[in-house]
Amino acid sequence: MSRAALLVLADGRFPAGGHAHSGGAEEAVGAGRIRDAADLGAFCRGRLHTAGLVAAALAAAAADGTDPLALDEAADARTPSPALRTAARRLGRQLMRAARAAWPDPALDALAAARPRGAHQPVVLGLAARAAGLTPLDAAHAAAYESVSGPATATVRLLSLDPFDATAVLARLAPELDQVAARAAEAARRCAAEGPGALPAASAPLLETGAEAHAARPVRLFAS
Amino acid sequence: MHLDHDTPFQPHHTHSADPHRPDGTRRALRIGLGGPVGSGKTATVAALCRALRDSYALAVVTNDIYTREDAEFLLREAVLPPERITAVETGACPHTAIRDDISANLEAVEDLEESVGPLDLVLVESGGDNLTATFSKGLADAQIFVIDVAGGDDIPRKGGPGVTTADLLVVNKTDLAVHVGSDLARMAADAKEQRGELPVILQSLRSGEGVGPVAAWVREQLTAWRATA
């Protein structure tokens, strides 16, 4: 396995469309739930242990070789908000394009053919990690990190937050990121034996309802 | 499959600007329009649509910064049927969406070709940005950079990637030059200095030939694109 491939995959500049999404941060800023770096830290912690954990487990299971179409259904079942399902599929489609260019692989081609409008992004992420020769734990790390790095960079733009403070928020979360990734990889192992029902289904209601409110706004900077 | 160190990079149809669609047919020519806020990109796109829509199958992708304003302007002006206009959201970074991470724009272009195609031409309008914002070759086959006389007649002299390297530089709103004290001759000379043989068109959409010269340039690009099919 290549450790450097994980850096390529998890790079915030990996051209997979993420820059246009705030991970719910724009709605939280608008509602006054994120006003400073401390709020951002709390928001990211909540997202990491809910949506982040679920995404990490889906990615790890895909990297472990679980049927991606079954995981795609499992992702749908774990995403109540239609707006979030749409965003996840759009991001999955965009990631698919970049992943197929970076790590050409028949498994990616097959999923792209089966889901031309896009599979859920964490599933594509896991499959991309597998194509890059990475482990399920690596895929979980990438998904967990993305679940907090997106909101952090978006908040820098939305609030003109000091970028050093936002980066410090991410650095403080690193130990918890490791724990979430480990839990996700463990769930992926159980998933191989017991099926996708073994994957976590943690939910953050404010992220779900916020995404619906955000999607209805006529004026916004981010797509989600 | 893993990439070997000696595998040569081979572009293929799963991404970027391959001139053919997955089914082997030649895709639409993509022309990007970039430039600072308020220079007249959307008005130029609207005028181009009116000038070209009877001769070519057209569609437009807009990259609004935080609203659907540009897409809605084009819809209101009814320059094209609504299904031929798509808005892409850019997360506060219009230049990222046309240069560093073009995935959302590529998707919009491909979806348009799929839903209303086959198309001859897709115009991709950038959100208003700064003088360094240029289109990736993975997204646009040619690009037009639109500046205007009211933004300051020193812009051509300042240069920057948009002014220097765009396939066509349009200096817009020439009818305002006399009112804002801009020296058109100086702008043209500075642009020539920066761009060498690359073309520059001075345009006023409110007088004279309007969008005619720019439309003629677009027709030339289309003819060349078809000749290499």
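Up top is the structure these notes are about.
In this text, all values refer to a predicted model and were calculated from it rather than measured experimentally. Residue numbering note: each chain is counted from 1, following its sequence as written. Just so you know, chain letters begin at A and ligand numbers begin at 1, following the order they were written in. With pLDDT at 70 or above as the cut-off, local features in this predicted model cover only qualifying residues; side-chain atom pairs require 80 or more to be listed or tallied, and sums for whole chains, interfaces and linings still use all residues. Side-chain numbers come from the whole structure's heavy atoms, not from hydrogens or water.

Engineer: Tell me what's going on with the overall build of chain B, and back it up with residues and numbers.
Structural biologist: Strands here mean DSSP runs of E at least two residues long; helices mean DSSP runs of H or I at least four residues long; both are numbered from the N terminus. Across its full length, chain B carries nine helices and seven strands. In this treatment the radius of gyration is a C-alpha quantity, and the globule benchmark scales as 2.2 Å times the residue count to the 0.38 power. In terms of overall size, chain B behaves like a compact globule, its C-alpha atoms giving a radius of gyration of 18 Å where 229 residues would be expected to give roughly 17 Å. When its C-alpha atoms are laid out on the principal axes, chain B stretches across 60 × 45 × 35 Å. Looking at chain B alone, contacts between residues at least 24 apart form 78% of all its contacts between residues at least 6 apart. The protein chains shown are the only cover counted for residues, whose accessible areas, like all others here, come from Shrake-Rupley with a 1.4 Å probe. Split by element, the accessible area of chain B, about 10,200 Å² in all, is 52% carbon and sulfur. Counting 21 positive and 34 negative side-chain charges, chain B places the averaged centre of each group 5 Å from the other. Two residues qualify as a contact provided that any one of their heavy atoms is within 4.5 Å of a heavy atom in the partner residue. Charge assignment in this entry is limited to Lys and Arg as positive and Asp and Glu as negative, and neither His nor the chain termini are counted. To locate a charge, the coordinates of NZ of Lys, CZ of Arg, CG of Asp or CD of Glu are taken.

Engineer: Please give an account of helix α4 (residues 68-77) of chain A that cites residues and values.
Structural biologist: Residues and elements named next belong to chain A. When accessible area is computed with a 1.4 Å probe and restricted to protein chains, residues below 20% of their type maximum are described as buried, those above 50% as exposed, and intermediate ones as partly exposed. All buried positions along α4 are accounted for by Pro68, Leu71, Asp72, Ala74 and Ala75. For α4, the angular spread of buried residues about the axis comes to 160°, placing them on one side. For α4, the exposed residues lying more than 90 degrees away from the buried face are Glu73 and Ala77. Among the structural elements, α3 (37-63), α5 (82-102), α6 (106-114), α7 (121-131) and α9 (163-194) are those in contact with the buried residues of α4. Pairs of N or O atoms within 3.5 Å make up the polar contacts considered here, provided that, within protein, one atom can donate a hydrogen while the other can accept it, and that residues adjacent in sequence are counted only when both atoms are side-chain atoms. Here α4 starts with a cap whose side-chain oxygen sits 3.1 Å from the backbone nitrogen of Leu69, and that cap is Asp67. The arc in question is traced by the directions running from the helix axis to the C-beta atoms.

Engineer: Mind laying out the state of the cysteines, listing which residues take part and the relevant values?
Structural biologist: Only a pair of cysteine sulfur atoms within 2.5 Å counts as a disulfide in this structure description. What the rule picks out here adds up to zero disulfides over all chains. Summary of cysteine pairing: Cys93 of chain B is not part of a disulfide, and the nearest cysteine sulfur, belonging to Cys44 of chain A, is at 18 Å. For Cys93 of chain B, a relative accessible area of 14% translates into the label buried.

Engineer: Can you explain the interface of chain A and chain B? Please cite residues and give values.
Structural biologist: Each partner contributes residues to the interface: chain A has 28 residues there, and chain B has 27 residues. Only one rule defines a salt bridge in this text: a Lys or Arg side-chain nitrogen within 4 Å of an Asp or Glu carboxyl oxygen. Applying the counting rule to chain A against chain B returns five salt bridges. Here Arg93 of chain A and Glu107 of chain B are joined by a salt bridge, their closest N and O atoms 3.8 Å apart. Summed over the shared surface of chain A and chain B, the number is nine residue pairs in polar contact (both at pLDDT 80 or more). Only α5 and α7 of chain A provide two or more residues apiece to the side of chain A that touches chain B. When residues in the side of chain A that touches chain B are grouped by element, the largest group, seven residues, is from α5 of chain A. Under this grouping Gly is polar, as are all residues other than the nonpolar Ala, Val, Leu, Ile, Met, Phe, Trp, Tyr, Cys and Pro and the charged Asp, Glu, Lys and Arg. Considered class by class, the residues forming the side of chain A that touches chain B number 14 nonpolar, five polar and nine charged.

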